[in-house]
Amino acid sequence: MAPFVTISTHTTSSIPRPHILYNVEVAKDGKETIVSRRYSEFEALHKALKDPFVLPPKRLLATTFVPSAWVDDSLIAERKTGLATYISELLSAAEFAASPVLEQFLSPDGDTNATRFNPEDAVPSTLSRKAAMNLLETGNEVEAQATIIAAAYYPDWSADSNPPEKIDFSKFDILFFAFATPNSSSTLTWDSGSQSILQRLVSAKNKSGKSTKIVLSVGGWGGSKYFSQACSSSANRTKFVNAMASAVKQYGLDGIDIDWEYPNSEGAGNPHSSADAANLLSLFKSMRSALPSPKLISAAVPHLPWLGSNGKPLTDVSAYAAVMDYVNIMNYDVWGASSTPGPNAPLGNLCGTSTQPQASAQAALAQWKKAGFPASKQLLGLPLYGYVSESSKTTLTGSLMPSSDMVLLAKPEDATGAKPVEFVNGAHVRSKLTLNADARNAKAAAEGEVTIQANLQSWYGQQIPFNEIVKSGALVKKSDGTYGQGGGFTMAWDNCSDTPFLYNTSQKTVVTYDDTWSLGDKASFAKSNGMAGCFTWSLDQPKDDGVTLQNVIRKSLGK
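Predicted, not measured: the structure shown is a model, and the values here were computed from it.

Honestly, empty space enclosed by the protein in this entry has me stumped. Any pointers?
Gaps left between atoms show up when a probe the size of a water molecule is rolled over them. Within this structure, the stated rule accounts for two cavities of 30 Å³ or more. Taken as a whole, the largest cavity holds about 160 Å³ of empty space. Lining the largest cavity are 19 residues, with Pro-343, Pro-346, Ser-354, Thr-397 and Ser-497 positioned closest to its centre. Of the residues contributing to the lining of the largest cavity, the split by class is seven nonpolar, 11 polar and one charged.

Listed below in structure tokens is the structure:
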């Protein structure tokens, strides 16, 4: 019987500086041993064995330190799970299980030849930025933490409007190429011409000399029919994983993104099973074996964790986090086109009036983190599109103007424990950008100008790309790079979701969307709350004048 490994507890030591010791419990043949090891000792073991398994990532405190207890808890929980998985994998592999180096590591009296104190071993809230920098200057070998990520989905249908050869790869750390889809044979199906486009994308990236990672996204809203079947048995999972691993090798890719919409839920009318979530975990584990780090494994996910066998969101997804790099939170489509329009992508339930309080950037971060998926492995999704509604409304559903002492603006943390955005101009100041359309048109008439009326009625009930809103004239780019109203539309701001909208009552048209202000706020939120970064859906939609929206997102992420 294979040994059973757990790391359920940890201790701290103050010599030479406060650091964490993880208590490794190994049960085998009725005997149990417990050894306490620092993170850097696991790292030394990994280097000595040269094994293919994955350690939980480093978190260089000199660049990420935030002095709060939740950072400690999040980091320690992530490492407990990841380190236990790492040791279990070593003991299950014959070529490593009998290694004297591993035996010594797991011996209470064993000498691990540990390196001197490393910032990665520290208790985060006891190590200041200055102290961490001093440690680095003393010569400790510490790998720099990955830069916060700016990513985007590149659908294969983007090739005509946004050819791979014209992409500025310096703007993107990851491009998720969408989509290949699982099929009834538990392998992959490709759209006509998509493999050629993928080859062009990889080739263009390589020629650019940039370090952008190209990751294949599998599935999508219309491509999730066979996920449940492909994950339902060990044999099917093996075929599916082999197909994905072969694609990674054939096209020189950097990983796989699973966009299953959704496990144990019909999504677009898909077959599903109460065992989907458990089978998905088995799939991720098999993928990690076939695609060892640094290959990326991610998943596009809703605001709440996957549905378990009881039909409710999983309360513990730490085992998934241990073998994955990211979850890509799809914080959009919260409210589509409607006679009572609401926000497409709310930052939060900022007035406490939302009818969907679990569907926002703030709520998603809190919900996934509470279930054991660290913020540092969460990418926040940002939409580059909106919705056009046939409506005469001049406010969004569930919205009320907040008072001056609104919790989010007045206090350092909200009820979710997330840090609020430091608004660029302040929500109230920004709402003053809203101008009265009649007054504007009257001024234009007095000055002899002709106001060209925008008309978006042909878009009723549909998604509308950002560039189409601009193209219509309903949005006009200003000299400072932001966008204002045009074409007879009034631009308004919904403080309760931190998103803009446009309305034209004479045309009975409301457009809910995101702009430079709201995208910047959500990116700032991701950065200030220790998230891995942001991604956009999708790269074909903002092409009004280049990469204006992406530049705002990057700036707000500190890039």
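In this structure, what is going on with the sheet that holds strand β17 (residues 499-504)? I would like to understand it.
Within a sheet, each strand pairs with its neighbour through backbone hydrogen bonds, oriented either parallel or antiparallel. Read across the open sheet, the five strands follow the order β13-β12-β18-β17-β16; overall the sheet is antiparallel. Of all strands in the sheet, those bounded by a partner on one side alone are β13 (463-465) and β16 (490-494). Each strand of the sheet is rotated relative to its neighbour by a mean of 30°, with strand direction disregarded. Pairing between strand β12 (residues 385-390) and strand β18 (residues 509-512): four bridges, direction antiparallel.

Please explain the packing of aromatic side chains as it appears in this structure.
A ring pair, where both rings are aromatic, is described by two values, the distance of the centres and the angle of the planes. Scanning all chains against the criterion turns up 22 aromatic pairs. Judged by centre distance (4.8 Å) and plane angle (25°), the rings of Tyr-153 and Phe-176 are stacked. Of this pair, Tyr-153 sits in strand β4 (residues 149-155) while Phe-176 sits in strand β5 (residues 174-182); the two residues are 23 residues apart in sequence, bridging distant segments of the chain. Accessibility expressed as a relative area gives 2% for Tyr-153, which makes it buried. With a centroid separation of 6.0 Å and an interplanar angle of 25°, the aromatic rings of Phe-179 and Trp-537 are classed as stacked. Here Trp-537 lies in strand β19 (residues 533-537) and Phe-179 lies in strand β5, a separation of 358 residues in the sequence.

Whenever I open this one, the pattern of salt bridges confuses me. Can you help?
Opposite charge on two side chains lets them pair, provided their charged atoms get close. Evaluated as defined, the whole model comprises five salt bridges. Between Asp-325 and Arg-288 there is a salt bridge whose closest N-O contact spans 2.8 Å. Here Arg-288 lies in helix α10 (residues 276-290) and Asp-325 lies in the loop between α11 (318-323) and β10 (326-329), a separation of 37 residues in the sequence. Each member of the pair, Asp-325 as well as Arg-288, carries the same accessibility label: buried.

Help me understand the pairing of β16, please; the structure alone is not making it clear to me.
One face of the sheet, then the other: side chains in a regular strand alternate in exactly this way. Counting buried positions over the five residues of β16 gives five, a clear majority of the element. The pairing of β16 with β17 spans five bridges and is classified as antiparallel. Considered in β17, the bridge of Thr-490 is made with Tyr-503. Remark: four residues form the turn of the hairpin made by β16 and β17, two consecutive strands paired antiparallel; Asp-498 in that turn has positive phi of roughly 60°.

So what exactly am I meant to see when it comes to helix α17 (residues 516-528) here?
The end-to-end C-alpha distance of α17, which contains 13 residues, comes to 18 Å, matching closely the 18 Å that a straight helix rising 1.5 Å per residue would cover. Taking burial as the measure, the 13 residues of α17 include 11 buried ones, the bulk of the element. Where α17 begins, the capping side chain belongs to Asp-515, and its oxygen is found 3.0 Å from the backbone nitrogen of Trp-517. Looking one or two residues past α17, Gly-530 carries a phi angle of roughly 75°, positive in sign.

How should I be thinking about the layout of surface pockets in this particular structure?
Put simply, the second largest pocket is a space of about 760 Å³. Along the walls of the second largest pocket sit 31 residues, with Trp-221, Glu-261, Met-330, Tyr-332 and Asp-333 positioned nearest its centre. Of all the secondary-structure elements, those providing two or more residues to the lining of the second largest pocket are β5, β13 and β19. The dominant element in the lining of the second largest pocket, judged by the number of residues it contributes, is β13, at three residues. Grouping the amino acids of the lining of the second largest pocket by side-chain chemistry returns 16 nonpolar, 10 polar and five charged.

I tried to follow the state of the cysteines on my own but got confused; where do I start?
The final tally for this structure, using the stated rule, is one disulfide. The partner cysteine of Cys-351 in its disulfide is Cys-496, sulfur to sulfur 2.1 Å. In this structure the cystine formed by Cys-351 and Cys-496 twists about its S-S bond by roughly -85°; its chirality is therefore left-handed. Of the two residues, Cys-351 is situated in the loop between β10 and α12 (361-370) and Cys-496 in the loop between β16 and β17; the sequence distance between them amounts to 145 residues. For Cys-496, a relative accessible area of 7% puts it in the buried group.

Just to check I follow, could you spell out helix α7 (residues 194-208) for this structure?
An α-helical segment advances 3.6 residues per turn. Residues three or four places apart therefore align on the same side. Given a rise of 1.5 Å per residue, 15 residues ought to cover 21 Å, and the 21 Å separating the end C-alpha atoms of α7 matches this to within 8%. If you check which residues of α7 are buried, you get Ser-194, Ile-197, Leu-198, Leu-201, Val-202, Ala-204 and Lys-205. The arc that holds the buried residues of α7, viewed along the axis, is 160°, so those residues lie on one side. On its buried face, α7 sits against β4, β5, β6 (188-190), β7 (213-219) and α9 (234-251). Trailing α7 by a residue or two, Gly-209 shows a phi angle of about 80°, which is positive.

Cut-off values and rules
Residues numbered from 1 in each chain as written. Predicted model: local features only at pLDDT ≥ 70, side-chain atom pairs only at ≥ 80, totals over all residues. Heavy atoms only, no water. 1 Å grid on protein atoms, 1.4 Å probe; cavity = no way out; pocket = protein on both sides within 12 Å on 5 of 7 lines; lining within 4 Å. Points joined across faces, edges and corners; volume = space filled by probe spheres on them. Nonpolar A, V, L, I, M, F, W, Y, C, P; charged D, E, K, R; others polar. Pairing = 2+ DSSP bridges. Helix = DSSP H or I, 4+ residues; strand = E, 2+ residues; numbered from the N terminus. Axes fitted to C-alpha atoms, helices over the stretch in contact; angles between N-to-C directions. Phe/Tyr/Trp six-rings, centres within 6.5 Å; stacked < 30°, edge-to-face > 60°. Buried < 20%, exposed > 50% of the residue type's maximum accessible area, 1.4 Å probe, protein only. Salt bridge = Lys/Arg side-chain N within 4 Å of Asp/Glu carboxyl O. Expected span 1.5 Å × (residues − 1). Polar contact = N/O pair within 3.5 Å; in protein donor to acceptor, adjacent residues only side chain to side chain. Disulfide = S-S within 2.5 Å. Arc of directions from axis to C-beta. Contact = heavy atoms within 4.5 Å.

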